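Results of the structural survey
Now for the letters of each chain:
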Amino acid sequence: MFKDFFLLAAQSIMHRRMRSWLTVIGVFIGITAVVALISIGLGLERTITDQVASVFGVDTFIIMNEDTFGPQAHGPGGAEEYALDLSTLRAVEGVKVAAAVRERTGFVQGPPRSDGTPLQGFFPVSGLSPELITEFESFIGELEVQKGGRLFDVGEEAVTVLGSEIAKRLQASVGETVLVVGEGSAELSLTVVGILVPVEEDEESRGGFAAGMNQSQNQDTIYVPYETMDLLWGPAKDVLITVVRVNPGEDVDKVADRAEETLNARGSEISAVTYTDISEVIGTMTSTISAFLAGIAGISLLVGGVGVMNTMFTSVLERTKEIGVMKAVGAKNGHVLTIFLIESGLMGLVGGVVGTLLGLGLSAVASSFIGRFFGVEMAVVASPILIAITLLGSFLLGAFAGLWPARRAAKLPVVDALRYE
Amino acid sequence: MPLLDLKGITKDYKLGKIVVRALRGLDLEVEEGEVIAIMGPSGSGKSTLMHIVGALDTPTGGTAFLDGQDLQQLKERQLVTLRGKKVGFVFQTFNLIQTLSAQRNVELPMIFQGIRKGERARRARELLTKVGLADRVKHKPNELSGGERQRVAMARALANDPEIILADEPTGNLDTESGTPVLEMLKRLSVEDGKTVIIVTHDPDAAAIADRIVRLRDGCVCEEVDCV
């Protein structure tokens, strides 16, 4: 019987082809907008998490100040420094390599010039674990030294690599020494082993992901081995970031928890952030944004629904006599209600199908544009769940919009309906 | 027991604040297989009587029995079932569904009775053949002449094999040429199939096929004439 009602409804829609299509257009515009926005949101999320995954890998986590990335994080505002005992961290079970960056401003004196007086000034001094360069290149970004120089190795202490700007300002070259003054009376003469390649103005930044540096900043910094920072300033609350790789086969989340517990027990205030944590944050962020946008697009769905309602009211009015006839030949109120609900639901569903296809197409086009603009490969996501929900939702939207008109049709007194001209 | 037994039927309508009494204590008995013509001027209560007989409406007062069932006691749903099974309607303006073919129009009452598709199609074609439209089953109403449309409507009225055929001015929109076969068919339904046929009409030709003519005036039966 349902199949017959379906046919009756479909025939009625086809009979009023022009009006039905206009109604369907009203529905699919809204559906298109919602589907496109959600799909783009999902694509964006996938793209970002893929990028994060390519930097992190599945065996790496980072350590940040708990205020920057933790349960009490107070929103964006840049990374905060923290204190860290690197040897304790390295002793945590499951940790394979740990490397850190600490940074502070120090008084630096260049090599003596021809007249005997050195150039000097305050410059940012960055302590890098050499492992950061050897093991975690994706984090720190590429540090390229000029010909004749090199980066420092594990175990070296009295060496430095200068940013090209610094080298120019101190008039220092490879093989010469610079003096860095630390806390109290601590000071060290460091041999310049390398000078970074200056960046071209228009060259695209390839700065490190985690440290948030860009190339021009790199050129203004004096790089020293991490341990050298200890000699100059002692352990202090100036660590920007720590990167940890776990032993093969270890559960990175478990090791991260262990590291966090161990370090915090010793007075650090840090959180260990894994790929999972970051993905979650990104997921929450992007889904909040797409939900917000989809909500706005949802308003157009409402308009589409009102369109369906309007069409159905007109249809009920036009077919008053037909409804009377159906009732006279034995249609129950429920039958009439069902036929009209199917009719309006069907218009919603057709709008949903067209809207979903257009929405997915639109999101693919938009993704390729966004991707080209930012120079990344944007993922195009056609979520089966999204499609299923959209189709069901559009049918329900239509049926719901048709509920009121259909009830009116069902409740028409048969004698009045038959008499209607 | 007569198929239709009406006693002291009254029917009031409210038009705004005014109550209009359309039927004022009408009595009527109709036996199975009879052909009755109900005649009378406009406003005499013909249509109201028709609605009550067809279980489309319930009387305000009096008792109405259709095939032994007290119409006053039936709920809306039961009235629908009753008319779906026992009554077939033929209207002046045919009232076919424009979007459906002749066959689908005839199938419509059977759909609401939940009869299966194959059975429905077979019976619809059979009925259309009976009314002489075997070659018109796929046609839509607007592709048929007035006479043909009314014959489709008659096939539809017979779909659920009802006991009573109610025809409201069946020839009112037809010329004599196309009206005559319709009337002949109505007569045959009584003679050959034992159906009870009630025709509401102004048309003397239509009244001529009746076994009995009932004249209404001011909501009452004013004259009953048995025809020979």
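Let us look at the structure shown here. (Residues numbered from 1 in each chain as written. Chains lettered and ligands numbered in written order. Predicted model: local features only at pLDDT ≥ 70, side-chain atom pairs only at ≥ 80, totals over all residues.)

**Focus: the overall build of chain B**
- A count of helical and extended segments in chain B gives 7 helices and 10 strands.
- Computed over the C-alpha atoms, the radius of gyration of chain B is 17 Å, within 12% of the 17 Å expected from 2.2 N^0.38 for a compact globule of 228 residues.
- Considering only contacts within chain B whose residues lie at least 6 apart along the sequence, 68% involve residues at least 24 apart. (Helix = DSSP H or I, 4+ residues; strand = E, 2+ residues; numbered from the N terminus. Rg over C-alpha atoms; globule rule 2.2 N^0.38 Å. Contact = placed C-beta atoms within 7 Å.)

**Observations regarding the overall build of chain A**
- Per the secondary structure count, chain A includes 14 helices and 9 strands.
- Here the C-alpha atoms of chain A give a radius of gyration of 34 Å, more than 25% beyond the 22 Å that 2.2 N^0.38 yields for 421 residues.
- In terms of principal-axis extent, the alpha carbons of chain A reach across some 115 × 45 × 35 Å.
- Here chain A holds 421 residues, and 42% of them are scored as buried.
- Of the contacts made within chain A by residues no fewer than 6 positions apart, 79% connect residues no fewer than 24 positions apart. (Buried ≥ 20, exposed ≤ 12 C-beta atoms within 10 Å, placed from the backbone.)

**Details of the sheet that holds strand β6 (residues 87-90) of chain B**
Residues and elements named next belong to chain B.
- Taken in spatial order, the 6 strands of this open sheet run β6-β7-β8-β3-β9-β10, and their pairing is mixed. Two strands bound the open sheet, and with one partner strand each, they are β6 and β10 (220-226). Neighbour-to-neighbour, the strand axes of the sheet open up by a mean angle of 20°, direction not taken into account.
- Of the pairings in the sheet, the one linking strand β7 (residues 164-168) to strand β8 (residues 196-200) comprises 5 bridges and is parallel in character. Counted as the bridge partner of Ile164 is Thr196 from β8. (Pairing = 2+ DSSP bridges. Axes fitted to C-alpha atoms, helices over the stretch in contact; angles between N-to-C directions.)

**Digging into the nonpolar core**
- In terms of nonpolar packing, the biggest core is built from 122 residues, with Ile38, Leu186 and Ile199 of chain B touching the most fellow members.
- Broken down by element, the residue count for this core peaks at 14 residues, all from helix α2 (residues 17-56) of chain A.
- Residue contacts for Ile199 of chain B: discarding those within four places in its chain leaves Ala37, Ile38, Ala167, Pro170, Leu186, Ala206 and Ala210 of chain B.
- Phe136, Val178, Leu196 and Leu232 of chain A belong to the second largest nonpolar core, which has 55 residues in total. (Core = buried A, V, L, I, M, F, W, Y, C linked by C-beta atoms within 7 Å.)

**Overview of helix α11 (residues 320-328) of chain A**
- Taking burial as the measure, the 9 residues of α11 of chain A include 7 buried ones, the bulk of the element.
- Within α11 of chain A, burial applies to Glu322, Ile323, Gly324, Val325, Met326, Lys327 and Ala328 of chain A.
- In this structure, the buried residues of α11 of chain A make contact with α12 (333-374), α13 (384-411) and α14 (414-419) of chain A together with α2 (76-86), β6 and α3 (102-112) of chain B.

**Remarks on the interface of chain A and chain B**
- On the chain B side, the residues contacting the 17 residues of chain A number 20 residues.
- At 5 residues, the largest contribution of residues to the side of chain A that touches chain B is made by α11 of chain A.
- Here the residues of the side of chain A that touches chain B are counted per class, giving 8 nonpolar, 5 polar and 4 charged. (Nonpolar A, V, L, I, M, F, W, Y, C, P; charged D, E, K, R; others polar.)

**Brief notes about the environment of Pro405 of chain A**
All names here are of chain A.
- As for its placement among the helices and strands, Pro405 is situated in helix α13.
- Here Pro405 falls in the buried class, since 23 other C-beta atoms lie within 10 Å of it.
- For the pair Pro405 and Glu93, spaced 312 residues apart in the sequence, the C-alpha separation amounts to 69 Å.

**A few points about the sheet that holds strand β4 (residues 61-66) of chain B**
Residues and elements named next belong to chain B.
- In spatial order, the strands read β2-β1-β4-β5; together these 4 strands make up an open sheet with antiparallel pairing. The two strands at the open ends of the sheet, each matched to only one other strand, are β2 (18-30) and β5 (69-70).
- As paired strands, strand β1 (residues 4-15) and β4 are joined by 5 bridges and run antiparallel to one another. Directly across from Thr10, in β4, lies its bridge partner Gly61.

**A look at the packing of α2 of chain A against α13 of chain A**
All names here are of chain A.
- Running from N to C, α2 and α13 cross one another at 155°; their axes reach a closest spacing of 11 Å. One element, α2, and the other, α13, form an angle in the roughly antiparallel class. Here α2 and α13 pass one another in a crossing that is right-handed. The segment α2 lies against α13, with Val27, Ile31, Val35, Ile38 and Ser39 engaging Leu386, Thr390, Ser394 and Gly398.
- The residue makeup of the contact of α2 with α13, split by class, is 5 nonpolar, 4 polar and no charged. (Parallel < 35°, antiparallel > 145°, perpendicular 65-115°, else oblique. Left-handed = near helix turned anticlockwise from the far one by under 90°.)

**Examining the pairing of strand β1 (residues 60-65) of chain A**
All names here are of chain A.
- Taken across its 6 residues, β1 has 6 buried, putting it largely inside the fold.
- Where β1 and strand β8 (residues 239-246) come together, 4 bridges link them in antiparallel fashion. Residue pairing in the sheet places Thr60 in a bridge with Arg245 of β8.
- Bridging between β1 and strand β9 (residues 270-274) involves 5 bridges; their strand directions are antiparallel. Across the sheet, residue Asn65 finds its bridge partner in β9, namely Ile270.

**Let's talk about helix α10 (residues 275-318) of chain A**
- Spanning 44 residues, α10 of chain A covers 61 Å between terminal C-alpha atoms, matching the ideal 64 Å at 1.5 Å per step.
- Where α10 of chain A bends most, the angle comes to about 25°, and this point is Ile296 of chain A. (Expected span 1.5 Å × (residues − 1). Bend = angle between axes of the 7 residues up to and from the residue.)

**Digging into the environment of Lys117 of chain B**
- One can find Lys117 of chain B in helix α4 (residues 117-130).
- The spatial distance from the C-alpha of Lys117 of chain B to the C-alpha of Glu107 of chain B is 8.7 Å, given a sequence separation of 10 residues.

**Regarding the packing of α3 of chain B against α4 of chain B**
All names here are of chain B.
- Where α3 contacts α4, the two axes come as close as 9 Å, and the packing angle between them is 120°. On the basis of the axis angle, α3 is oblique to α4. Crossing hand, α3 versus α4: right-handed. Facing α3, whose interface residues are Ala102, Gln103, Val106, Glu107 and Met110, α4 presents Arg120, Ala121, Arg123, Ala124, Arg125, Leu127 and Leu128.
- Grouping the amino acids of the contact of α3 with α4 by side-chain chemistry returns 7 nonpolar, 1 polar and 4 charged.

**Quick notes on the pairing of β1 of chain B**
- Both β1 of chain B and β2 of chain B contribute to a ladder of 10 bridges, which runs antiparallel. When the bridges of β2 of chain B are listed, Lys11 of chain B appears paired with Leu23 of chain B.

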